[in-house]
2 protein chains.
Amino acid sequence: MIYKLDSFQDLIEAFKMFPGIGTKTAERMALFLMKSPPDRTRLFSKSVQNARGKIHFCSVCYLFTEEDPCQVCQDSQRDQGLICVIEEAKDAFVLERCGFRGLYHVLMGKISPLDGVGPEDLKVAHLVERIKKIRPREVILATGMDVEGEATALYLSKLLGEEEVKLTRIAYGIPVGMGLDYADELTLAKALEARRSL
Amino acid sequence: MIYKLDSFQDLIEAFKMFPGIGTKTAERMALFLMKSPPDRTRLFSKSVQNARGKIHFCSVCYLFTEEDPCQVCQDSQRDQGLICVIEEAKDAFVLERCGFRGLYHVLMGKISPLDGVGPEDLKVAHLVERIKKIRPREVILATGMDVEGEATALYLSKLLGEEEVKLTRIAYGIPVGMGLDYADELTLAKALEARRSL
């Protein structure tokens, strides 16, 4: 009889469903869990269920939240005239750390024809509606600088061009702390183009 | 007020405890789980708890098992005179696929002074005891070919040399399907040394 263990195999498969987790990593994770004290496994399961049970998406801006609308949408101290459009809810955490204190709008993805994701799969219609309703002073397009992020920003800039709202895009450039010899030519060209007087 | 969400942060931390999972991957996994249907999260939690609740280590050979002793130790059809020594319980699955049908002995690690792992942290004493008791015909040292795996095999070969048992080590060589131009010199030298007549 060949030795196999379905419950262990199930655990590996459970880890493999995550994006970017292959068989080897899933095996390593499953093995780690099996060798961990039971307390740690319980804590892990609890985190998963806790997060999934409590967190949902804000019905206004689609940030993660435990209440609805979220703390950002409810906070009157924030700049109500500034909306930052982001791809994923988690992008808000890094923007918060950067000191951004306006509102957000999560697209929940980016336009990617190869993956079959079009504007209708994103929270684009909700964004247009929201802009029509609250008439913000400025909308910052903070999707990524990769091809899909750029395409999404381009699409939104055309779509929102009809609304009377100031549209801006975060800047291309050399990352802080990086020497010029490590920058790729395209980025350097963009950084040169966007040079500013001192 | 800065936007943050402890339950989401907890989930990221929970994923980060796994070896080889950094902040970015943990964030991606947490995001994936949040966007998954609740069914999938439940299934995931269930796999974790199921595996952890049911599986333990065989008291004889330290394979993963739901019963004790494990199916391998209980199977009289298997070669009882052949013990294959492996680093981790999961290594048995690939050996089973290779057609190995003897017994196993899991060390639950490998000797690694840099990580503070010595022979006393492994199931070495149990192995010696088991060999004294069942007097196998042959013991195959199937630890890895990396530095720690080799050191472990060397240590075991010295330790078990005193017992009257045939000790063997799995072979170095060129992987099946690999051209010589991709092989490193050390491996090629070993493969040449271990050449066999046809």
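Rules used throughout
Here the residue numbering is sequential within each chain, running from 1 through the sequence in written order. Each chain gets a letter, beginning with A, and each ligand a number, beginning with 1, in the order they are written. Given that this is a predicted model, residues contribute local features only at a pLDDT of at least 70 and side-chain atom pairs are listed and counted only at 80 or more, while totals for whole chains, interfaces and linings are drawn from all residues. The basis for every side-chain value is the complete set of heavy atoms in the structure, and neither hydrogens nor water enter the calculation. Numbering of helices and strands runs from the N terminus, with a helix taken as a DSSP run of H or I at least four residues long and a strand as a DSSP run of E at least two residues long. A simple rule labels every residue: compare its accessible area, found with a 1.4 Å probe on the protein chains alone, to the largest value its type can have, and call it buried under 20%, exposed over 50%, or partly exposed in between. Residue contacts are counted whenever heavy atoms from the two residues lie within 4.5 Å of one another. Two strands pair if DSSP finds at least two bridges between them. Fitted lines through C-alpha atoms serve as axes, helices being fitted only where they are in contact, and the angles separating the N-to-C directions of these axes extend from 0 to 180 degrees. Fitting of the copies onto one another was done by least squares over C-alpha atoms, counting residues only where both copies have pLDDT of at least 70. Put simply, buried area is how much 1.4 Å-probe accessible surface two parts lose in total, over both of them, once they are put together. Salt bridge, as applied in this entry: a Lys or Arg side-chain nitrogen positioned within 4 Å of an Asp or Glu carboxyl oxygen. Gly is put with the polar residues, along with every residue not named as nonpolar or charged; the nonpolar set is Ala, Val, Leu, Ile, Met, Phe, Trp, Tyr, Cys and Pro, and the charged set is Asp, Glu, Lys and Arg. What qualifies as a polar contact is a pair of N or O atoms within 3.5 Å, subject to a donor-acceptor requirement within protein and to the restriction that residues adjacent in sequence count only when both atoms come from side chains. Here a helix's expected span is defined as the number of its residues, less one, multiplied by 1.5 Å. Note that the arc is defined by the directions from the helix axis to the C-beta atoms. Between the rings of Phe, Tyr and Trp (Trp by its six-membered ring), a pair exists once the centres lie within 6.5 Å; its type follows the angle of the planes, with under 30 degrees stacked, over 60 edge-to-face, and the other angles tilted. For patch detection, residues must exceed 30% relative accessible area and be free of salt bridges, and they are connected within 9 Å for like charges or within 5 Å for nonpolar side chains (Val, Leu, Ile, Met, Phe, Trp, Tyr). For the accessible areas, the method is Shrake-Rupley and the probe is 1.4 Å, while residue cover comes only from the protein chains on display.

Caption draft 1: The environment of A:Ala92, seen in detail. Relative to the assigned elements, A:Ala92 resides in helix 5 (residues 91–97). A relative accessible area of 0% places A:Ala92 in the buried class. Those residues in contact with A:Ala92 that lie beyond four places of it in its chain are A:Leu63, A:Ile86, A:Tyr104 and B:Tyr3.

Caption draft 2: Quick look at the sheet that holds strand 6 (residues 166–169) of chain A. Residue and element names in this part refer to chain A. The sheet built from four strands is open, its strands ordered 4-3-5-6 with parallel pairing. Two strands in the sheet have a free side with no partner beyond their single neighbour: strand 4 (103–106) and strand 6. Adjacent strand axes in the sheet meet at a mean angle of 25° when their direction is disregarded. Here strand 3 (residues 82–86) runs beside strand 4; their pairing, made up of four bridges, is parallel. When the sheet's bridge partners are listed, isoleucine 86 is paired in strand 4 with valine 106.

Caption draft 3: The sheet that holds strand 3 (residues 82–86) of chain B, seen in detail. All names here are of chain B. Spatial strand order, 4-3-5-6: four strands in an open sheet with parallel pairing. Each edge of the sheet is formed by a strand with only one pairing partner; in this case those strands are strand 4 (103–106) and strand 6 (166–169). On average, each strand axis in the sheet is inclined to that of its neighbour by 25°, with strand direction left out of account. With respect to the sheet, helix 6 (residues 124–134) is in contact with strand 3, strand 4 and strand 5 (138–141), its orientation differing from that of strand 4 by roughly 155°.

Caption draft 4: Focus on the relation of the copies chain B and chain A. Rotating chain B by 180° and moving it 0.0 Å along the rotation axis overlays it on chain A with an RMSD of 0.1 Å. Such a combination of turn and shift is consistent with a two-fold rotation axis. Closest approach to the rotation axis among the C-alpha atoms of chain B is made by B:Ser45, whose C-alpha sits 2.8 Å away. An overlap of 100% is found between the interface residues of chain B and their copies at the interface of chain A, pointing to a shared contact surface.

Caption draft 5: Examining the interface of chain B and chain A more closely. Of the residues lining the interface, 54 residues belong to chain B; the matching set on chain A comes to 54 residues. Between chain B and chain A lies a buried interface of about 5,800 Å² when both sides are counted; carbon and sulfur atoms form 70% of it. Where chain B touches chain A, the interface holds two salt bridges. The residue B:Glu88 makes a salt bridge to A:Lys35 at a minimum N-O spacing of 3.0 Å. For the side of chain B that touches chain A, the secondary structure elements donating two or more residues are helix 1 (6–16), helix 2 (23–35), helix 3 (38–54), strand 2 (64–65), helix 4 (71–74) and helix 5 (91–97) of chain B. Ranked by residues supplied to the side of chain B that touches chain A, first place goes to helix 3 of chain B with 10 residues. Across the side of chain B that touches chain A, the residue classes tally to 30 nonpolar, 10 polar and 14 charged.

Caption draft 6: Quick peek at unusual backbone geometry. Cis geometry marks the peptide bond from A:Asp68 to A:Pro69; its omega dihedral reads -5°. Along the chain, the position of A:Pro69 falls in the loop between strand 2 (64–65) and helix 4 (71–74).

Caption draft 7: Representation of the environment of B:Asp184 in the model. Residue and element names in this part refer to chain B. Looking at the secondary structure, you find aspartate 184 in the loop between strand 6 and helix 8 (185–193). The exposure class assigned to aspartate 184 is partly exposed, which follows from its relative accessible area of 42%. In this structure, the C-alpha to C-alpha distance between aspartate 184 and isoleucine 174, residues 10 residues apart in sequence, is 9.1 Å. Here the side chain of aspartate 184 touches threonine 187 through a polar contact of 2.6 Å, side chain to side chain.

Caption draft 8: Broad picture of helix 3 (residues 38–54) of chain A. End to end, helix 3 of chain A covers 24 Å across 17 residues, agreeing with the expected 24 Å (1.5 Å per residue, within 8%). Residues of helix 3 of chain A that are buried: A:Thr41, A:Phe44, A:Ser45, A:Ser47, A:Val48, A:Ala51 and A:Arg52. The buried residues of helix 3 of chain A occupy one face: seen down the axis, they fall within an arc of 150°. In this structure, helix 3 of chain A carries A:Asp39, A:Arg42, A:Leu43, A:Lys46 and A:Gly53 as exposed residues pointing more than 90 degrees from its buried face. Next to the buried residues of helix 3 of chain A lie helix 1 (6–16) and helix 2 (23–35) of chain A together with helix 1, helix 2 and helix 3 of chain B.

Caption draft 9: Region of the structure containing the packing of aromatic side chains. Counted by the stated rule, this structure contains 18 aromatic pairs over all chains. Look at A:Phe18 and B:Phe15: their rings are 5.3 Å apart centre to centre, the planes differ by 70°, and that puts the pair in the edge-to-face class. Here A:Phe18, found in the loop between helix 1 and helix 2, pairs with B:Phe15, found in helix 1, and the two come from separate chains. For A:Phe18, a relative accessible area of 2% gives the class buried.

Caption draft 10: Examining a nonpolar patch on the surface more closely. All names here are of chain A. On the surface, Met145, Ile170 and Tyr172 cluster together into a nonpolar patch covering about 220 Å² of accessible area. Assignment of secondary structure puts tyrosine 172 in the loop between strand 6 and helix 8 (185–193). The class of tyrosine 172 is partly exposed, set by a relative accessible area of 31%.

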